[in-house]
Amino acid sequence: MKKEIPQIPLAERARPKTLQEFRGQDSLVGENAPLRKMIENDSLSSFILWGMPGTGKTTIARIIANQTSAEFFQLNAVSSGVKEVRAVIEKARQNLAYNKKTILFIDEIHRFNKAQQDALLASVESGEVILIGATTENPSFEVIPALRSRVRIFVLSELTKADLNSILDFTIQIDRFLSGLNITDIDRDFLFYVSGGDARTLLNVFESCVLNEIDKVKIVIDKKLIETIVQKKNIFYDKGGEEHYNVISAFIKSVRGSDPDAALYWLARMLEGGEDPKFIARRLLILASEDIGNASPNGLVLAESAFSAVEKIGMPEARIILGQCTSYLASQPKSNAAYMGIDAALADVRKERLYPVPMHLRNAPTKLMKELDYGKDYKYPHDFPDHFIQENYFPDKKKPRQYYIPTENGQEKKLRDYLGFFWKGIKKY
């Protein structure tokens, strides 16, 4: 007898409806966890869920919709705008008259522009609306500061192998269609690998494998079958999975290694795999300072311009800007001296006593401070030949240490020569 194939995808059929069914994110929804308490006590305040795809953001929002006494509205930032937001706010104001709360869930809130996010501010601050946002992007970059300051940020962790095993076992157990099949073996490690830690992808790939073998007495889901099902290469570049980190690592190391051709190849892999171009631009910004630094200071200027341009125009044209920035940075002389310098200084600050600022280095904006010798005996460099005077700018009781050691590369060689001339006999350049 031919089995009837469900029309609803497995990931949706198996979506948990209660906290008891939810798997993973114990630090947020486990026993006595903060988000769990808010949900169980129906005492929600505005918050944003930040995590990789398939880690449970939408599911948590749906559970809240099922368990709260508030009226629940869901919008997707891709297809909704200020008009839809204002309609929910108007409904929220009507609900207040009946002492009823209103929850607005916005999926992919990072796709709302500044004006759209601004439209939420007053209602979130006044409590007219309880905002729940979901984002895969860092709220520090994608959510405006005014809105960020009015919400809590909950970070969802990457799902562990134990979490994925638990999700798969639970799904097979509770799904009527799967529980009636004879699934004898599953290559779980490879299945988890191709899913990239995304529970939704895991279940959709698993279901496709099952349906491919549906007419067999025993269903075996091995590596060969999974590879056959996952024919589209992009699934191997999952933005939340291991391959994401492998490819961005290869990209950064190619730029650092001054190979523009390899760097462009890995850039193309990321873009073709659907990577957010702003994520790539941010990494180039960091690299321009960490790996190029003062050997070619214009690298940071170009990377900043590239990030701004990518943010303004988006794909597909952003590929041209990223290609230019990548090839330029890969072709520049390299230095990590500034990066090493700040880390060494931070290490000293963290492990040593914080000595007071010497009196001669203190500012004296008031008469009292001058009477207390603030700024006394400070030597103004511009009053001396070459606008320089050898002076101790460290705390009195701290032994001076050289943190910044310029390389011989690019423009940094000029800095090395310049500093070496002035600090001869005191610092090693």
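All of the points below concern the structure found in this document.

Parameters and conventions
Residues numbered from 1 in each chain as written. Predicted model: local features only at pLDDT ≥ 70, side-chain atom pairs only at ≥ 80, totals over all residues. Heavy atoms only, no water. Helix = DSSP H or I, 4+ residues; strand = E, 2+ residues; numbered from the N terminus. Rg over C-alpha atoms; globule rule 2.2 N^0.38 Å. Buried < 20%, exposed > 50% of the residue type's maximum accessible area, 1.4 Å probe, protein only. Contact = heavy atoms within 4.5 Å. Core = buried A, V, L, I, M, F, W, Y, C linked by side-chain atoms within 4.5 Å. Polar contact = N/O pair within 3.5 Å; in protein donor to acceptor, adjacent residues only side chain to side chain. Axes fitted to C-alpha atoms, helices over the stretch in contact; angles between N-to-C directions. Parallel < 35°, antiparallel > 145°, perpendicular 65-115°, else oblique. Left-handed = near helix turned anticlockwise from the far one by under 90°. Pairing = 2+ DSSP bridges. Expected span 1.5 Å × (residues − 1). Arc of directions from axis to C-beta. Nonpolar A, V, L, I, M, F, W, Y, C, P; charged D, E, K, R; others polar. Patch = residues over 30% accessible without salt bridge, like charges linked within 9 Å, V, L, I, M, F, W, Y side chains within 5 Å. Areas by Shrake-Rupley, 256 points an atom, 1.4 Å probe, with all protein chains shown as cover. Salt bridge = Lys/Arg side-chain N within 4 Å of Asp/Glu carboxyl O.

1. Focus: the overall build of the protein chain
Alright, step 1. The number of helices and strands found in the protein chain is 21 helices and 7 strands.
Alright, step 2. Relative to the 2.2 N^0.38 estimate, which gives 22 Å for 429 residues, the radius of gyration of the protein chain is 28 Å and therefore markedly larger than a compact globule would have.
Alright, step 3. Projected onto its principal axes, the C-alpha positions of the protein chain cover 95 × 60 × 40 Å.
Alright, step 4. Per-residue burial over the protein chain gives 44% buried out of 429 residues.
Alright, step 5. Sequence-distant contacts, at least 24 apart, represent 71% of the contacts inside the protein chain between residues at least 6 apart.

2. Let's talk about the nonpolar core
Alright, step 1. Among the nonpolar cores identified, the biggest contains 29 residues, and Phe206, Val210, Ile221 and Ile226 are the most heavily contacted of them.
Alright, step 2. Secondary-structure elements contributing two or more residues to this core are α1 (10-13), α9 (161-174), α10 (176-179), β6 (183-186), α11 (188-195), α12 (199-212), β7 (219-221) and α13 (223-229).
Alright, step 3. The contacts of Ile221, once residues within four sequence positions are left out, are Asp185, Ile186, Asp187, Phe206, Cys209, Val210 and Ile226.

3. Here we look at the side chain of His360
Alright, step 1. Among the structural elements, His360 can be located in the loop between α19 (337-351) and α20 (367-371).
Alright, step 2. The class of His360 is buried, set by a relative accessible area of 15%.
Alright, step 3. Within polar-contact distance, the side chain of His360 engages the backbone oxygen of Asn392 at 3.3 Å.
Alright, step 4. Setting aside residues no more than four positions away along its own chain, His360 makes contact with Gly375, Lys376, Asp377, Tyr378, Glu391 and Asn392.

4. A look at the environment of Cys209
Alright, step 1. Looking at where Cys209 falls in the secondary structure, it is placed in helix α12.
Alright, step 2. Overall, Cys209 belongs to the buried group, its relative accessible area being 0%.
Alright, step 3. Beyond its immediate sequence surroundings of up to four residues, Cys209 is in contact with Ile221, Leu225, Ile226 and Ile229.

5. So, the packing of helix α15 (residues 260-272) against helix α18 (residues 318-330)
Angle between the axes and distance between the axes are the two parameters that describe a pair of packed helices.
Alright, step 1. Close contact between α15 and α18 brings their axes to 9 Å; oriented N to C, the two are set at 150°. Comparing their axes, α18 and α15 come out roughly antiparallel. You can see that α15 and α18 cross each other, and the crossing is right-handed. On α18, the residues that touch Pro260, Ala263, Leu264, Leu267 and Leu271 of α15 are Arg319, Leu322, Gly323, Thr326, Ser327 and Ala330.

6. Concerning the sheet that holds strand β2 (residues 71-76)
Alright, step 1. Strand order across the open sheet formed by 5 strands is β2-β3-β4-β1-β5, with parallel pairing between neighbours. Looking along the sheet, the strands with just one partner apiece sit at the ends: β2 and β5 (152-155). Averaged over neighbouring strand pairs, the angle between their axes works out to 20° when direction is ignored.
Alright, step 2. Here 5 bridges tie strand β3 (residues 102-107) to strand β4 (residues 130-135), and the two strands are oriented parallel to one another. What sits directly across from Ile103, in β4, is Ile130.

7. Side note on α15
Alright, step 1. End to end, α15 covers 18 Å across 13 residues, agreeing with the expected 18 Å (1.5 Å per residue, within 8%).
Alright, step 2. Of all the residues in α15, the buried ones are Ala263, Leu267, Met270 and Leu271. Buried residues of α15, viewed axially, fall in a sector of 95°; they line one side. Exposed and oriented more than 90 degrees from the buried face of α15 are Asp261 and Glu272.
Alright, step 3. Where α15 begins, the side chain of Asp259 points an oxygen toward the backbone nitrogen of Asp261, at a separation of 3.2 Å.
Alright, step 4. Gly274 sits one or two positions beyond α15 and adopts a positive phi of about 90°.

8. Quick notes on the packing of helix α5 (residues 82-96) against helix α6 (residues 114-126)
Alright, step 1. With their axes 9 Å apart at the nearest point, α5 and α6 run at an angle of 10° to one another. Looking at the two axes, α5 sits roughly parallel to α6. Two secondary-structure elements touch here, α5 through Val82, Val85, Ile89 and Arg93 and α6 through Ala115, Gln116, Ala119, Leu120 and Ser123.
Alright, step 2. The residue makeup of the contact of α5 with α6, split by class, is 6 nonpolar, 2 polar and 1 charged.

9. Thoughts on a nonpolar patch on the surface
Alright, step 1. Together, Tyr378, Tyr380 and Tyr393 make up an exposed nonpolar region whose accessible area comes to about 320 Å².
Alright, step 2. For Tyr393, the position within the fold is in the loop between α20 and α21 (412-422).
Alright, step 3. Overall, Tyr393 belongs to the partly exposed group, its relative accessible area being 38%.

10. A closer look at the environment of Glu412
Alright, step 1. Within the secondary structure, Glu412 sits in helix α21.
Alright, step 2. By relative accessible area, Glu412 is classed as buried at 0%.
Alright, step 3. The spacing of Glu412 and Asn294 is 118 residues in sequence and 5.3 Å in space, taken between C-alpha atoms.
Alright, step 4. When near neighbours in sequence (up to four residues on either side) are disregarded, Glu412 contacts Asn294, Ala295, Ser335, Ala337, Tyr404, Pro406 and Thr407.
Alright, step 5. Engagement of the side chain of Glu412 in a polar contact is seen with the side chain of Ser335, the distance being 2.3 Å.

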